Amino acid sequence: MLETQELVINMGPQHPSTHGVLRLLLHTDGEIIVEAQPHVGYLHRGIEKIAEKVNYHQFMPYTDRIDYLASMNCNHAYACAVERLMGIEVPERAQFIRVIMSELNRIASHLVFFGSFGMDVGAFTPFLYGLRERERTLDLFEAACGQRLTYNYMKIGGVRWDLPPGWTDKCREFCDYFEPKIQEYHDLLTYNYIFMKRLGNIGVLTPEDALAYGVTGPNLRASGVAYDIRKEEPYDVYDRLEFDIPVGTGEAGAVGDCFDRYMVRIKEMQQSVRIIRQCLDMMPEGDVQARVPRVLKIPPKEIYFRAENPRGELGFYIVANGKPSPERLKIRGASFSNIHVMEKILPGLMVADAVAVIASLDVILPECDR
Amino acid sequence: MDQLTKLFYSLGLSPYYGIFVAAFLLAVIILAFALLYEGVATYVERKVAGDIQSRIGPNRVGPYGTLQWLADGVKLFLKEDFIPAQADKLIFRIAPYFVFVGSFLPFAALPLWDRFVPVPMNIGLLYIIAVTAMVTPGIVLAGWGSNNKWALLGGMRSAAQLISYEVPNAVALLIPVLIAGTLNLDEIVRAQGGGGGILRWFIFHDPFSFMAFFIFFTAGLAECNRTPFDLPEAESELVAGYSVEYSAIRYAFFYMGEYGDMFIISAMASAAFLGGWQLPLIDPLVKIGWLKAVLQLGIFLTKTLLLVLVMMWIRWTFPRLRVDQLMELSWKRLLPIALFLLMGAALWTVVFHGKGIYDLIVG
């Protein structure tokens, strides 16, 4: 007798489009996914436990490794968290420098997203275009702190070094260079007929589901919820800056589909350039570090601080106990929530769509597993 | 071939030896040409990709990296030919040969220059369509024999895709056949010569044949599994599809098959629509026989390779379709259009007694 059977496919942890070591267990009927289970934990390094063993300053390099594509943002969030806990006043110049760095890193991170997204739907070329521009941001970081991937540039109470001479001009140059490139991306990929047809109406994430699963960042905004921590609970100088929150418009189909998630990130890069320009104009001269003791002994207190990272809300929950290192440090990674929405939106789609959905959620596994 | 037969006859040997030797020599020449083309094509593909992606491409082996393909070939020969323990060994082994043979056999029936086809046959076009279909079972066997789920998915996609696209492909090719009134490729090309230059090419024969060319080329892209139709191997979805378990020279066979297919589709397009070895002014100007043949061969190869270049250009620019969109495109779009064009071309032939636009205007 003939019988049919569900095909169980193990997608990952070694798979070209699971962006690192995500593992998806797909139950498929031919090419159509019936059930999808994301499995995480392949990149767990115990960063939270390490935090209990090293002192507050020493933990900064570990935050680089939470989300290696947006190290500056992770530095930024951790530094702000400890400063709020301590009540440290950060010099204004340092605040501006941090915001510039965070926004530059947001652009760099979204460029990697742009490239790998194109590659996952079969267009190889955008990847190299995205990395070409990212290279320029990395040059800027290297000029500022000597590193190209894990910067360890910010410190509690400011930034480690002042900007080198001429850096602001180079940064302006980059903004002028980068803005027209977005049109090039639109010409090459965004409005390609096949690309729009592949992504429109695929993997629609409704605002209700997004909120229920705790999805944050561009993925939430693509679902039409204008929620941005930079606006809701501004940190550093974000409250003095003007920028818009791009939300999904359903240009190629429904609001909250893969195309919206793509488009929101592209628009966010434009907003980041806008923020950087304002910061460069407004940045005063002065110190870049507050006076902070070598060893921080914070009296028993706790804080939950969150920051808007390229992938969503990065939260630090720190419980201090009067010793040089925290009693407990919990990191809330945006990717963890964003991954779990897959089991909701993947069933009914095809294997090829699964790849597009994974790419459009732009998860990064070190942030998920920590 | 006749002269070889006579030579053997004069030596006191059976003339059949002559036929055998001639056929063997011909096969060696065609194989050498096919392999050379496939090697150089991989180099060109990588250079084209480099140009499109604002990088350099291979530039280490030989001047401007021109010997890269030789190094790659040597590497692929020396690698371990790995067969997975759970694979169906016989099927796994023979699958690449299907693909390679299917893409190599059509080379024998290409019209290279005036009145010369390596293996003359009066149904050359039908023969080419038939033998290229051998690629499909090869890919399906590879997908099945690998005992790998990704490979299996790739194999299934490929079976569906190639069968669907052969239909609009063949229907579009019927239009030049209709105009020329023959399946003989040499005669089809000769029918595109004469006064009027490139306006005598079948692509400019009537509006229907003009559109048929694009239908044929699109369906042809799908038949060689090239982006945007590279679903069977879909690197980012199915890892590498049917070829995921293959290594070394067996893997290379699949690639040679793909590049061979590209050449065949382009050659068919240039022979059936773009006048094959025809180019205005060659006929009246060049009187020396052998020079003419060489020029015509050059013209034919130039047209073909330009089309191959277009395929590469498309590959590095477009994203990939999804599998259901692929089927929809074939059955709901390309096939109805192709059938409509075929009917239109048939009507045109009846109404205007087979005359093209040029003939109608000039008289």
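Everything numeric in this text was worked out from a predicted model, so none of it was measured.

**A word on the overall build of chain B**
Logical step 1: Counting its secondary structure elements, chain B contains 15 helices and 0 strands.
Logical step 2: The principal-axis extents of the C-alpha atoms in chain B amount to approximately 65 × 60 × 40 Å.
Logical step 3: Buried residues in chain B amount to 51% of all 363 residues.
Logical step 4: For chain B, the share of sequence-separated contacts (at least 6 apart) that also reach a separation of at least 24 residues comes to 76%.
Logical step 5: As displayed, chain B has an accessible area near 16500 Å², and 73% of this comes from carbon and sulfur atoms.
Logical step 6: In chain B, the 25 positive side-chain charges and the 25 negative ones have mean positions that sit 3 Å from each other.

**Comments concerning the side chain of Lys 47 of chain B**
All names here are of chain B.
Logical step 1: For Lys 47, the location among the structural elements is in helix H2 (residues 15-52).
Logical step 2: Comment: no salt bridge for buried Lys 47; closest opposite-charge side chain is Asp 51, at 6.8 Å.
Logical step 3: With sequence-adjacent residues up to four places away left out, Lys 47 is seen in contact with Ile 56, Gly 57, Pro 58, Asn 59 and Tyr 64.

**Considerations on the packing of aromatic side chains**
Logical step 1: For the structure shown, the criterion picks out 40 aromatic pairs over all chains.
Logical step 2: Centroid distance Phe 124 of chain A to Trp 316 of chain B: 5.8 Å. Interplanar angle 75 degrees. Geometry classified as edge-to-face. With Phe 124 of chain A in the loop between helix H4 (92-120) and helix H5 (125-145) and Trp 316 of chain B in the loop between helix H13 (289-315) and helix H14 (323-351), this pair bridges two chains.
Logical step 3: Relative accessible area serves as the criterion here: at 28%, Phe 124 of chain A is assigned to the partly exposed category.
Logical step 4: Considering the side-chain rings of Tyr 235 of chain A and Tyr 238 of chain A, the 5.2 Å spacing of their centres and the 75 degrees angle between planes classify their relative orientation as edge-to-face. The two residues Tyr 235 of chain A and Tyr 238 of chain A agree in class, both being buried.
Logical step 5: An aromatic cluster of three or more residues is present, and its members are Phe 33, Tyr 37, Tyr 97, Phe 100, Phe 104, Phe 107, Phe 253 and Phe 263 of chain B.
Logical step 6: Here Arg 136 of chain A stacks its cationic end above the ring of Tyr 177 of chain A, 4.0 Å away from the centre of that ring.
Logical step 7: One residue, Arg 265 of chain A, lies across the ring of Phe 113 of chain A, its end atom 4.5 Å from the ring centre.

**Some details on the pattern of salt bridges**
Residues and elements named next belong to chain A.
Logical step 1: On inspection of all chains with the given rule, the structure shows 39 salt bridges over all chains.
Logical step 2: Note that Glu 308 and Arg 221 form a salt bridge whose closest N and O atoms lie 3.0 Å from each other. Taken together, the residues Glu 308 in strand E6 (residues 301-309) and Arg 221 in helix H9 (residues 218-222) connect sequence positions 87 residues apart.
Logical step 3: Shared partners join several salt bridges into a network, and the residues in it are Glu 103, Arg 106, Arg 221, Asp 228, Arg 230, Glu 268 and Glu 308.

**Brief notes about the domain arrangement of chain B**
Residue and element names in this part refer to chain B.
Logical step 1: By the assigned domains, chain B splits into domain 1 (1-78) and domain 2 (79-362).
Logical step 2: Here the C-alpha centre of domain 2 lies 20 Å away from the C-alpha centre of domain 1.
Logical step 3: Contacts between domain 1 and domain 2 engage 21 residues on the former and 26 residues on the latter.
Logical step 4: With both chains or domains summed, domain 1 and domain 2 bury close to 2000 Å², and 76% of this area falls on carbon and sulfur atoms.
Logical step 5: It is Tyr 37, Glu 45 and Leu 76 that lose the most area in domain 1 upon contact with domain 2, and together they represent 31% of the buried surface on that side.
Logical step 6: Across the contact surface, domain 1 and domain 2 share 1 salt bridge.
Logical step 7: Residue Arg 315 pairs with Glu 45 through a salt bridge whose shortest N-O separation is 3.6 Å.

**Notes on the packing of helix H11 (residues 258-282) of chain A against helix H14 (residues 351-361) of chain A**
Think of two packed helices as two axes; the pair is described by the angle between the axes and how far apart they sit.
All names here are of chain A.
Logical step 1: Their axes nearest at 9 Å, the elements H11 and H14 cross at an angle of 30 degrees. With respect to H14, the element H11 is oriented roughly parallel. Along this stretch, H11 crosses H14, giving a crossing that reads as left-handed. Residues Cys 258, Arg 261 and Arg 265 of H11 lie in contact with H14, whose contacting residues are Ala 356, Val 357, Ser 360 and Leu 361.
Logical step 2: Residues of the contact of H11 with H14, tallied by class, amount to 4 nonpolar, 1 polar and 2 charged.

**A short note on the sheet that holds strand E2 (residues 23-29) of chain A**
Residue and element names in this part refer to chain A.
Logical step 1: The 3 strands are arranged E1-E2-E3 in an open sheet whose pairing can be described as antiparallel. Taken across any chain shown, the strands that pair with only one partner, and hence form the sheet edges, are strand E1 (7-11) and strand E3 (32-39). Taking the axes of each pair of neighbouring strands and ignoring which way they run, one obtains an average angle of 20 degrees across the sheet.
Logical step 2: Across 5 bridges, the pairing between E1 and E2 is antiparallel. Within E2, the position partnered with Val 8 by the bridge is His 27.

**Quick notes on the sheet that holds strand E8 (residues 328-332) of chain A**
All names here are of chain A.
Logical step 1: With antiparallel pairing, 3 strands are arranged side by side in an open sheet as E6-E7-E8. The open sheet has two edge strands, E6 and E8, and neither has a second partner. Within the sheet, the average angular offset between the axes of one strand and its neighbour, ignoring direction, is 10 degrees.
Logical step 2: The strands that helix H3 (residues 71-86) touches are E6, strand E7 (312-320) and E8; relative to E6, the one it contacts most, it runs at about 150 degrees.

**Things to note about the interface of chain A and chain B**
Logical step 1: At the interface, 33 residues of chain A touch 24 residues of chain B.
Logical step 2: Summing both sides of the interface, chain A and chain B together bury roughly 2500 Å²; the carbon and sulfur share of this comes to 61%.
Logical step 3: In this structure, Arg 157 of chain B and Glu 31 of chain A form a salt bridge, with 2.5 Å as the shortest nitrogen-oxygen distance.
Logical step 4: Between chain A and chain B we count 10 residue pairs in polar contact (both at pLDDT 80 or more) in total.
Logical step 5: Among the elements of the structure, E1, H4, H5, helix H6 (167-190), helix H7 (193-199) and H14 of chain A are those that each provide at least two residues to the side of chain A that touches chain B.
Logical step 6: Among the elements that make up the side of chain A that touches chain B, the one with the highest residue count is E1 of chain A (5 residues).
Logical step 7: Residue composition of the side of chain A that touches chain B, grouped by class: 20 nonpolar, 7 polar and 6 charged.

**A word on the nonpolar core**
Logical step 1: Counting residues in each nonpolar core, the largest one holds 120 residues, and the members touching the most others are Tyr 78, Met 101, Tyr 153, Tyr 262, Phe 316 and Ile 318 of chain A.
Logical step 2: The leading source of residues in this core is H4 of chain A, at 12 residues.
Logical step 3: Grouped together as the second largest cluster of nonpolar side chains are 73 residues, Ala 34, Leu 173, Ala 212 and Met 312 of chain B included.

**Things to note about a nonpolar patch on the surface**
All names here are of chain B.
Logical step 1: On the surface, a nonpolar cluster with roughly 750 Å² of combined accessible area is contributed by Leu 347, Val 350, Val 351, Phe 352, Ile 357, Leu 360, Ile 361 and Val 362.
Logical step 2: Breaking the nonpolar patch down by element, the ones donating at least two residues are H14 and helix H15 (357-362).
Logical step 3: Broken down by element, the residue count for the nonpolar patch peaks at 4 residues, all from H15.
Logical step 4: Note on placement: Val 351 falls in helix H14.

**What about a negative patch on the surface?**
Logical step 1: Where like charges cluster on the molecular surface, the negative patch consists of Glu 6, Asp 29, Glu 35 and Glu 343 of chain A.
Logical step 2: In this structure, Asp 29 of chain A sits in strand E2.

**Notes on the state of the cysteines**
Logical step 1: What the rule picks out here adds up to 0 disulfides over all chains.
Logical step 2: With no disulfide partner, Cys 368 of chain A has as its closest neighbouring cysteine sulfur the one in Cys 74 of chain A, 13 Å distant.

**Comments concerning unusual backbone geometry**
Logical step 1: Phi is positive for Asn 152 of chain A, close to 50 degrees, though the residue is something other than glycine.
Logical step 2: Mapping Asn 152 of chain A onto the fold places it in the loop between H5 and strand E4 (154-155).
Logical step 3: Taking the relative accessible area as the measure of exposure, Asn 152 of chain A reaches 22% and is therefore partly exposed.
Logical step 4: Backbone geometry places Ala 248 of chain B, a non-glycine residue, at a positive phi of 55 degrees.
Logical step 5: Look at Ala 248 of chain B and you get buried, because its relative accessible area is 6%.

About the thresholds
- Residues numbered from 1 in each chain as written.
- Chains lettered and ligands numbered in written order.
- Predicted model: local features only at pLDDT ≥ 70, side-chain atom pairs only at ≥ 80, totals over all residues.
- Heavy atoms only, no water.
- Helix = DSSP H or I, 4+ residues; strand = E, 2+ residues; numbered from the N terminus.
- Buried < 20%, exposed > 50% of the residue type's maximum accessible area, 1.4 Å probe, protein only.
- Contact = heavy atoms within 4.5 Å.
- Areas by Shrake-Rupley, 256 points an atom, 1.4 Å probe, with all protein chains shown as cover.
- Lys, Arg positive; Asp, Glu negative; His and termini not counted.
- Charge placed at Lys NZ, Arg CZ, Asp CG, Glu CD.
- Salt bridge = Lys/Arg side-chain N within 4 Å of Asp/Glu carboxyl O.
- Phe/Tyr/Trp six-rings, centres within 6.5 Å; stacked < 30°, edge-to-face > 60°.
- Lys NZ or Arg CZ within 6 Å of the ring centre and 35° of its normal.
- Domains from an automatic or database assignment.
- Buried area = accessible area lost by both parts, 1.4 Å probe.
- Axes fitted to C-alpha atoms, helices over the stretch in contact; angles between N-to-C directions.
- Parallel < 35°, antiparallel > 145°, perpendicular 65-115°, else oblique.
- Left-handed = near helix turned anticlockwise from the far one by under 90°.
- Nonpolar A, V, L, I, M, F, W, Y, C, P; charged D, E, K, R; others polar.
- Pairing = 2+ DSSP bridges.
- Polar contact = N/O pair within 3.5 Å; in protein donor to acceptor, adjacent residues only side chain to side chain.
- Core = buried A, V, L, I, M, F, W, Y, C linked by side-chain atoms within 4.5 Å.
- Patch = residues over 30% accessible without salt bridge, like charges linked within 9 Å, V, L, I, M, F, W, Y side chains within 5 Å.
- Disulfide = S-S within 2.5 Å.

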